[in-house]
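Spelled out, the chains give:
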Amino acid sequence: MEQQTAFSKREEPETLSTELAFNIERMQLEFLNCSDVMYRNCSIGGMNRATLIYVNGMCDVQAVDEFVLQPLIEHFRSSQRVDEVRNVELKEIFIPTLKISIAYETQKIIKAILRGETAIFTEGNAFVMLADLVKMEQRSIEEATSEKVVRGPRDAFMESLRTNTSLLRRRIRSSKLKLECMTLGKLTETEVVIGYMEGIVKEELVKEVRKRLQKIELDGIIHSSNIEEYIEDDMFSPFPQIQNTERPDVAVSSLLEGKVVIITDNTPFVLVLPMTYWSGLQAVDDYTDRYIYATFVRWIRYTFVHVSLLLPSLYVALTTYHLQVIPTPLVVSIASAREGVPLPAVIEALIMEFIFEGLREAGIRLPQQVGPAVSIAGALVIGQAVVAAGIISTPMVIIVSLTGIASFAFPVYNLGTAYRMLRFPLLLASGVLGFYGIVLFLIVLSVHMVTLKPFGVPYMSPYAPMSIRNLSDVLVRAPKSKMRWLQPWLAQNGAARFPKRNK
């Protein structure tokens, strides 16, 4: 019984004292070696009557001087009272539009200061007034860099959480847009917002997202990808099950389809879930161009997407095991080009694919001014050198170049990354078994994609399982007037129960 009482005492929140010096000493101990924490004293007649504490760079210092410090000095100069002043009286001396809250617990005050609020400690009071004068430096709203469009909005999400939520509110001016806020990360205490459309989204999906987020126990959430890996269903799948976007119009369209978005503070990428295979192949321009052209471009995109996966493997299988399938003139041309090349076709393809991926990575990591130039020059120089040295055949350079160009057709970057990674085992399968290896690999891959159900939604829907009502926006993009009869996407494809996730 005594242990239980001692434990309950330890759990009680630490409160302030009525002595100003004691409270400030406690704060100085808490913020020891924190050079960005500022202390501003309000001394009248040689006596310190109040102290302001804030983090330099996170609050508006000019507003602190104008709306907090000057009114305090004037109040204490005109006041004849030496005893304590009530919080109501203190609130009345500040400008009425200033957002003021009262706090009594030490930990709550510390968290408020670290959020950028200004804490006002006064002599004789066991409470602190918190002035919301947060002002942090941030970049302006710019155009999306990873999702370029020809015709569409030019704004993009940024690192400020409230700016991102306002971009959604500007587009959906309805109280049915719900934005629930929670805090993740024991040390970072990162704010995370769950957004959904009430009446459109399935309530089971919102509950599942909320439950998975609450299970995350980390010291820090730095960006949205930390959350993505913890809430996805199958962590061993090469395919992304959660879409990320930096475009507000994409997030809004997903909300209106019945999906859920997760906005993380300090990151410009918003998570959209659940994701399907076909949504990863749809671009913003599909809905800003006329439907005939959008359908035509979508077919080109689908072709290039599958070319990026299959072309090197098909070439290796044909030239290694199935020469009888190739027309005779083409066989002669390939044979003459490969004359003197010491390596098998599969080894050629693997070497060139590794070189191409290395050049792509180097172009990304180098400074923006020199990155593209180095990657292009490197590809030209290395390609010419390996052909001249007789190590790689000319057709293989052409095949790998076409594959690299096709891999840039992915609208969603992480889906393209999955295909780039799958190219290597498919090359090995084609080098060992030819067409049989390709077919077996594609069968295994198709079975995996069909059985994948992120947040209970079939990954290959609306084709597996078939949903005729939603086929008007997959292989073709039907006219928008003909798409009005479609019910929200998730209402047709969402599952009521969620499968057990792989740990």
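Values in this document were obtained by computation on a predicted structure and should not be read as measured data.

**Student:** Explain the overall build of the chain to me, please; I cannot follow it from the model alone.
**Tutor:** Assigned secondary structure in the chain consists of 17 helices and 10 strands. Scored against the burial criterion, the 503 residues of the chain give a buried share of 45%. Relative to all contacts within the chain whose residues are 6 or more apart in sequence, the contacts with residues 24 or more apart total 68%. Surface accessibility of the chain: about 26400 Å² in total, with carbon and sulfur atoms responsible for 59%.

**Student:** Help me understand the packing of aromatic side chains in this model?
**Tutor:** Geometrically, a pair of aromatic rings is defined through the distance of the ring centres and the angle of the planes. Within the structure shown, the criterion is met by 8 aromatic pairs. With a centroid separation of 5.1 Å and 80° between ring planes, the pair formed by Tyr277 and Trp278 is classed as edge-to-face. The exposure class of Tyr277 is buried, given its relative accessible area of 3%. The buried category is assigned to Trp278, whose relative accessible area is 12%. These aromatic residues form a ring-pair network of at least three members: Phe239, Phe410, Tyr419 and Tyr459. Between Arg212 and the ring centre of Phe455, over which it is positioned, the NZ or CZ distance is 4.2 Å.

**Student:** Can you walk me through the sheet that holds strand E6 (residues 177–184) in this structure?
**Tutor:** Strand pairing in a sheet is mediated by backbone hydrogen bonds. Such pairs are either parallel or antiparallel. The strand order across the open sheet built from 5 strands is E6-E7-E9-E10-E8, with neighbouring strands paired in antiparallel fashion. Only two strands of the sheet have a single partner each, and these edge strands are E6 and strand E8 (243–245). If you compare each strand with its neighbour and ignore which way they point, the axes differ by 25° on average.

**Student:** Explanation requested: helix H8 (residues 224–231) in the structure shown.
**Tutor:** Because an α-helix packs 3.6 residues into every turn, residues spaced three or four apart end up facing the same way. For H8, the complete set of buried residues consists of Ser224, Ile227, Glu228 and Ile231. The arc that holds the buried residues of H8, viewed along the axis, is 105°, so those residues lie on one side.

**Student:** Honestly, the confidence of the model for the chain in this entry has me stumped. Any pointers?
**Tutor:** Do not read the predicted coordinates in detail wherever pLDDT is low. Per-residue confidence for the chain gives a mean pLDDT of 83; residues scoring 70 or more make up 86%. Predicted confidence in the chain is weakest over helix H1 (residues 2–11), with a mean pLDDT of 41, and strongest over strand E9 (residues 260–264), with 95. Across residues 1–10 the pLDDT falls below 50, and counting only partners more than four positions away or on other chains, this stretch makes 0 contacts in the model.

**Student:** Just checking my understanding: could you explain the environment of Pro458 for this structure?
**Tutor:** The residue Pro458 is located in the loop between helix H16 (435–451) and helix H17 (489–493) in this model. Pro458 sits 184 residues away from Pro274 along the chain, and the two C-alpha atoms are 9.5 Å apart.

**Student:** What's the story with the packing of helix H10 (residues 291–320) against helix H15 (residues 413–433) in this structure? I'm lost.
**Tutor:** When two helices pack together, their arrangement is given by the angle between their axes and by how far apart the axes lie. Interaxial distance between H10 and H15 falls to 9 Å at its minimum, and their mutual angle equals 20°. Here H15 runs roughly parallel to H10, going by the angle between their axes. Of the two possible hands of crossing, H10 and H15 adopt the one that is right-handed. Residues Val305, His306, Ser308, Leu309, Leu310, Pro312, Ser313, Val316 and Ala317 of H10 lie in contact with H15, whose contacting residues are Tyr419, Leu422, Arg423, Leu426, Leu427, Ser430 and Gly431. Its residues placed into classes, the contact of H10 with H15 shows 10 nonpolar, 5 polar and 1 charged.

**Student:** What am I meant to see in unusual backbone geometry here?
**Tutor:** Of the consecutive residues Leu273 and Pro274, the connecting peptide bond is found in the cis state with omega at -5°. Residue position: Pro274 is located in the loop between strand E10 (270–273) and H10. Residue Pro465 follows Ala464 across a cis peptide bond; omega there is 5°. Looking at the element boundaries, Pro465 is found in the loop between H16 and H17. The phi angle at Asn33 is positive, at roughly 65°, despite the residue not being glycine. Topologically, Asn33 is positioned in the loop between helix H2 (20–30) and strand E1 (37–44). Unusually for a residue other than glycine, Asn266 sits at a positive phi of about 70°. Mapped onto the fold, Asn266 is located in the loop between E9 and E10.

**Student:** Where do I start with the packing of H10 against helix H12 (residues 345–365) in this structure?
**Tutor:** One way to put it is that H10 packs onto H12 with a least axis distance of 9 Å and a crossing angle of 160°. The orientation of H10 relative to H12 falls into the category roughly antiparallel. With respect to the hand of their crossing, H10 and H12 are arranged in right-handed fashion. Contacts between H10 and H12 involve Pro312, Val316, Thr319 and Thr320 on the former and, on the latter, Ala345, Val346, Ala349 and Glu353.

Parameters at a glance
Residues numbered from 1 in each chain as written. Predicted model: local features only at pLDDT ≥ 70, side-chain atom pairs only at ≥ 80, totals over all residues. Heavy atoms only, no water. Helix = DSSP H or I, 4+ residues; strand = E, 2+ residues; numbered from the N terminus. Buried < 20%, exposed > 50% of the residue type's maximum accessible area, 1.4 Å probe, protein only. Contact = heavy atoms within 4.5 Å. Areas by Shrake-Rupley, 256 points an atom, 1.4 Å probe, with all protein chains shown as cover. Phe/Tyr/Trp six-rings, centres within 6.5 Å; stacked < 30°, edge-to-face > 60°. Lys NZ or Arg CZ within 6 Å of the ring centre and 35° of its normal. Pairing = 2+ DSSP bridges. Axes fitted to C-alpha atoms, helices over the stretch in contact; angles between N-to-C directions. Arc of directions from axis to C-beta. pLDDT = per-residue confidence, 0-100. Parallel < 35°, antiparallel > 145°, perpendicular 65-115°, else oblique. Left-handed = near helix turned anticlockwise from the far one by under 90°. Nonpolar A, V, L, I, M, F, W, Y, C, P; charged D, E, K, R; others polar.

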